[in-house]
Amino acid sequence: MNASLLQGPKGHFFWGNVPEFAGDTLTFMRDIRQYGDMARIRLGPATVYILNHPDPIHQVLVADSDNYNKDRRLKGAMQELAGNGLFTSDGEFWKRQRRLSQPAFHSARIANYAQTMVNYAVDMVDHWESGQVYEMDREMTRVTLRIVTKTLFDADVSTEARELAELTKAAIKIFNHRMNAPVPLPNWLPTAANREMREVSEKLNKVLLGIIAERRKHGEDQGDLLSMLLLAQDQDGSGQMTDQQVRDEAMTLYGAGHETTANTLTWVWYLLSQHPEVEARLGHELDTVLGGRAPALEDLPRLVYTEMIIKETMRLYPALLFVSRESIANTMIGNYPLKKGSLIFINIYGVQHDARFFPDPEAFDPERFSPEREKTIMRYAYLPFGAGPRICIGNMFAMMEAKLILATVAQRYRFALEPGHVVVPRRQFTTVPQERLRMVAAVR
Ligand code: HEM
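So, a few notes on the structure that sits alongside this text. (Residues numbered from 1 in each chain as written. Predicted model: local features only at pLDDT ≥ 70, side-chain atom pairs only at ≥ 80, totals over all residues. Heavy atoms only, no water.)

Brief notes about the coordination of the iron atom of the ligand
What the protein offers the iron atom of the ligand as a donor is a single atom, Cys392 (SG), at 2.3 Å. Along the chain, cysteine 392 falls in the loop between helix H17 (371–374) and helix H18 (395–412). (Donors = N, O, S within 2.8 Å, 3.2 Å for Na, K, Ca; no water. Helix = DSSP H or I, 4+ residues; strand = E, 2+ residues; numbered from the N terminus.)

Following this line, the structure appears as structure tokens:
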């Protein structure tokens, strides 16, 4: 079979499918499956193959994962920010970094962070009042940012922490701008955005390398993720990471470790406000398990419905709509030969909204993830954290954090959308509400 026979929507002669793709990415990714389990589109000069079925997805992410790198466009857009960190590196280098970073995410290690997560969530709700309007997307970003700052750098309100937050916000804005450009421009072009990114990343380097140098001086394990990165060594005792590499990994975790979880929780609040029956059942579980006290690590296994809600939210609104790859050799997907350098999008949003794998796919139904029913979901049809060797390294951290924050907050408050507020999802890099999610808090 010839890959040029694969179908896709007819695009503009020059831009290809950029206008529809960039305009409403969610609808585009949901509807593209009408062209088959593997579709073909064009984004400017680039042909992109979109995988809409668990079989080819398994092939690319798992079975033949060595044939693929992260795609060059993503790496280019993230270059100054994430450098050679886990998210953007490839090959043997990535393998070694993953091996060195993995212990920092073992369940015993991240269990220590549960208390920090709860403390910050409690601190947030302690400041809230019934009847007030809160921008829930902002609140969720603030609390997850505080948590990642503490668990990564053992810092809270220091000058460095504030500076990091400001600089990262600016860098993510430029990164989003780059990702949404119809045709990616090289980073060396002296555009205003590129100049700003260079300035921001120089400042970021100064702060991060300063923190690292300070830590190296003391050399002790402070119990945070940074200590793990600094102390990590290969089993034979060789090869600590260089300061620059620790900087790239720390920046990657800082960036990847808060927006995604914050967005997931933002969608949880929205969905709960639209489904009072789900919210009531959640309230019942929290009352039964916690009886009015703040949650703790030991409660997590019993917060079953809380977890079902989060999983179903990540099905409807996965933080990443798709993940992308680039083939590093001539290869085959199914019966289709692809040339080296082909770009591939794994359509997470598409498969998670496909009636073949999730009947009545647009309905919010946490029951899909009840312990019995979850087992019947087709493998690789549900991928909010990706799959295969490059599955999200922070997935357990994120689930623990989302559950603890949801349990802490929902125990005390319920939220209604501000009257007249219409919520439209939109893709930045992650999936966010188009407008701030303004909600009125009411004490439960
Ligand atoms: C709800 C929250 C989260 C979601 C939905 C999410 C989603 C993902 C996905 C889909 C990938 C795979 C990307 C690919 O295959 O191209 C990924 C990778 C990654 N995530 Fe997460 N993530 C979340 C939270 C976190 C947290 C809390 C951290 C760190 C503290 C983190 C760190 C990373 C890193 C470092 C990678 C790259 C792993 C590698 O390539 O080896 N993520 N994430």
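Details of unusual backbone geometry
One non-glycine residue, aspartate 154, lies in positive phi territory at about 50 degrees. Relative to the helices and strands, aspartate 154 is located in the loop between helix H8 (136–153) and helix H9 (159–179). According to the relative accessible area criterion, aspartate 154 is partly exposed, its value standing at 30%. Even without glycine at this site, tyrosine 380 takes up a positive phi of about 70 degrees. Secondary-structure assignment places tyrosine 380 in the loop between H17 and H18. (Buried < 20%, exposed > 50% of the residue type's maximum accessible area, 1.4 Å probe, protein only.)

As for the sheet that holds strand E12 (residues 438–443)
Strands sit in the order E4-E12-E9 across an open sheet of 3 strands; the sheet is antiparallel. Strand pairing shows two members of the sheet lacking a second neighbour, strand E4 (133–135) and strand E9 (413–417), which therefore form its edges. Ignoring strand direction, the axes of neighbouring strands in this sheet form an average angle of 45 degrees. As defined by bridge partners, E9 adjoins E12 across 5 bridges and the pair is classed as antiparallel. Paired with leucine 417 across the two strands is methionine 439, which belongs to E12. Its contacts with the sheet put H8 on E4, E9 and E12, and the angle it makes with E4 is roughly 60 degrees. Contacts from H18 reach E9 and E12, with the element oriented near 85 degrees to E9. (Pairing = 2+ DSSP bridges. Axes fitted to C-alpha atoms, helices over the stretch in contact; angles between N-to-C directions. Contact = heavy atoms within 4.5 Å.)

Some points on a nonpolar patch on the surface
On the surface, Phe13, Phe14 and Trp15 cluster together to form a nonpolar patch covering roughly 380 Å² of accessible area. Of note, phenylalanine 13 is situated in the segment before helix H1 (18–23). (Patch = residues over 30% accessible without salt bridge, like charges linked within 9 Å, V, L, I, M, F, W, Y side chains within 5 Å. Areas by Shrake-Rupley, 256 points an atom, 1.4 Å probe, with all protein chains shown as cover. Salt bridge = Lys/Arg side-chain N within 4 Å of Asp/Glu carboxyl O.)

Notes on the layout of surface pockets
In this structure, the second largest pocket encloses a volume near 1,000 Å³. The wall of the second largest pocket is formed by 31 residues, among which Arg138, Thr141, Lys169, Glu259 and Arg436 lie closest to the centre. Among the secondary structure elements, those contributing two or more residues to the lining of the second largest pocket are H8, H9, helix H13 (259–274) and strand E11 (431–433). When residues in the lining of the second largest pocket are grouped by element, the largest group, 10 residues, is from H9. (1 Å grid on protein atoms, 1.4 Å probe; cavity = no way out; pocket = protein on both sides within 12 Å on 5 of 7 lines; lining within 4 Å. Points joined across faces, edges and corners; volume = space filled by probe spheres on them.)

As for the sheet that holds strand E1 (residues 38–43)
Taken in spatial order, the 5 strands of this open sheet run E1-E2-E8-E5-E3, and their pairing is mixed. In this open sheet, the two strands that pair with only one neighbour each are E1 and strand E3 (68–70). Neighbouring strand axes in the sheet, compared pairwise and without regard to direction, differ in orientation by 35 degrees on average. Across 3 bridges, E3 lies against strand E5 (residues 323–327) in antiparallel orientation. When the bridges of E5 are listed, lysine 70 appears paired with arginine 325. Across the sheet, helix H4 (residues 72–82) touches E1, strand E2 (46–51), E3, E5 and strand E8 (343–346), and the angle it forms with E3 is around 25 degrees.

Considerations on the nonpolar core
Residues Trp128, Phe153, Trp269, Ile346 and Leu406 are the most contacted members of the largest nonpolar core, which totals 125 residues. Aside from chain neighbours lying at most four places away, what touches tryptophan 128 is Tyr134, Met136, Glu139, Met140, Val409, Tyr413 and Phe415. (Core = buried A, V, L, I, M, F, W, Y, C linked by side-chain atoms within 4.5 Å.)

Observations concerning the packing of H8 against helix H12 (residues 243–256)
Two elements in contact, H8 and H12, have axes whose closest approach is 9 Å; the angle formed by their N-to-C orientations is 155 degrees. Regarding the angle of H8 to H12, the classification is roughly antiparallel. Relative to H12, the crossing made by H8 is right-handed. For the pair formed by H8 and H12, the contact residues are Leu145, Val148, Thr149, Leu152 and Phe153 on the first element and Ala250, Leu253 and Tyr254 on the second. (Parallel < 35°, antiparallel > 145°, perpendicular 65-115°, else oblique. Left-handed = near helix turned anticlockwise from the far one by under 90°.)

Things to note about helix H5 (residues 91–101)
Turning to H5, its buried residues number three or more, namely Trp94, Gln97, Arg98, Leu100 and Ser101. End-on view of H5: buried residues confined to an arc of 165 degrees, all on one side of the axis. As for H5, its buried residues are in contact with helix H11 (225–231) and H12. (Arc of directions from axis to C-beta.)

Here we look at the site of the ligand
Taken together, 26 residues form the shell around the ligand, and within it Trp94, Arg98, Arg325, Arg390 and Cys392 come nearest. One nitrogen or oxygen atom from the main chain of leucine 86 is found 3.3 Å from an oxygen atom belonging to the ligand. Contact distances for the ligand include 2.8 Å between an oxygen atom and a side-chain N or O atom of arginine 325. Breaking the shell around the ligand down by element, the ones donating at least two residues are H5, H12, H13, E5 and H18. Of the residues that constitute the shell around the ligand, the class distribution is 15 nonpolar, 7 polar and 4 charged. (Near = heavy atom within 4 Å. Polar contact = N/O pair within 3.5 Å; in protein donor to acceptor, adjacent residues only side chain to side chain. Nonpolar A, V, L, I, M, F, W, Y, C, P; charged D, E, K, R; others polar.)

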